[in-house]
Amino acid sequence: MGLRTRIMEVPLVYDLFTNGLSRSGTRDWFADQVLQPRPGHRILDIGCGTATVIKHLSGCDYVGIDHNPEYIKKARENFGTKGEFHCIDINDAKFKEFGTFDTVLLLGVLHHLNDDEVKQLVSVIPAVMKPAGALVTFDCALEKGQHPVARLLAKIDRGRYARNTEHYRSLIEPIFTVREEIIRHDLLKVPYTHAIFRATVS
């Protein structure tokens, strides 16, 4: 594990980096227009980090999982009464014991996984989704014509598998049907490109 990765494993550094760079209104836009939470919806956040997204999911039944115990500890300290937080992996038998969900989140997850790992992850998600459930993914992207700083930041991200939109889609679509694809270059205070997908089981 490199120094940059070890530093980002610290919850305070992770929060400052992920939250401190967002433009005003970005998180509200993402919640209202992409996540579209509804009271009573069950939401599973895979790779939840410190679970700050829960601030925008009022009235939802939230379950966050992450393999980093420090992230889960911080999430419980900050949001312990607003959701459940578990330090487990998707291969853990407990993963399927949480029931089914209206929305499954993969926020900043796919660009940390190689193609085979993404395919394996995507293949197990339908088992924990309701029939009309949605998968939402959100990752940095490499796109033609993007700002050179955005491209550089994607390439040096601690996630080593930033892809273009077509590549992300190709990994999702064997299992899911993409209903919405969004490319944004303006969600952070610095040049950055995000690829966002909202998909349902095919």
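Use the structure listed above.
Conventions we followed
- Residues numbered from 1 in each chain as written.
- Predicted model: local features only at pLDDT ≥ 70, side-chain atom pairs only at ≥ 80, totals over all residues.
- Heavy atoms only, no water.
- Pairing = 2+ DSSP bridges.
- Helix = DSSP H or I, 4+ residues; strand = E, 2+ residues; numbered from the N terminus.
- Axes fitted to C-alpha atoms, helices over the stretch in contact; angles between N-to-C directions.
- Contact = heavy atoms within 4.5 Å.
- Buried < 20%, exposed > 50% of the residue type's maximum accessible area, 1.4 Å probe, protein only.
- Right-handed = clockwise from strand over helix to strand, strands pointing away.
- Core = buried A, V, L, I, M, F, W, Y, C linked by side-chain atoms within 4.5 Å.

So, about the sheet that holds strand β5 (residues 129-140). With mixed pairing, the seven strands of this open sheet are ordered in space as β3-β2-β1-β4-β5-β7-β6. Only two strands of the sheet have a single neighbouring strand rather than two, namely β3 (84-86) and β6 (176-184). Going across the sheet, the axis of each strand differs from the next one's by a mean of 15°, ignoring polarity. Here three bridges tie strand β1 (residues 42-46) to strand β4 (residues 101-107), and the two strands are oriented parallel to one another. Of the residues in β4, the one forming a bridge with Asp45 is Leu105. In the packing of helix α7 (residues 165-172) onto the sheet, the strands contacted are β5, β6 and β7 (194-201), and the crossing angle to β7 comes to about 20°.

Another aspect to go through is the pairing of β4. Counting buried positions over the seven residues of β4 gives six, a clear majority of the element. Alignment of β4 against β5, held across six bridges, turns out to be parallel. Bridged to Leu107 within β5 is Phe138. Following the backbone out of β4, through helix α5 (residues 115-124) and into the adjacent parallel β5, one traces a crossover that is right-handed.

This next bit is on the nonpolar core. Core analysis: the biggest nonpolar cluster contains 31 residues, and Leu44, Ile46, Ile65, Phe95, Leu121 and Ile125 have the highest contact counts within it. For this core, the secondary structure elements donating two or more residues are β1, β2 (61-65), β4, α5, β5, α7, β6 and β7. Here this core gets four residues from one element, more than from any other, and that element is α5. In this view, Leu121 contacts Ile46, Ile90, Leu106, Val109, Leu110 and Leu113; residues no more than four positions away in its chain are not counted. Ranked by size, the runner-up nonpolar core spans 21 residues in total, among them Phe30, Leu35, Ile43 and Val53.

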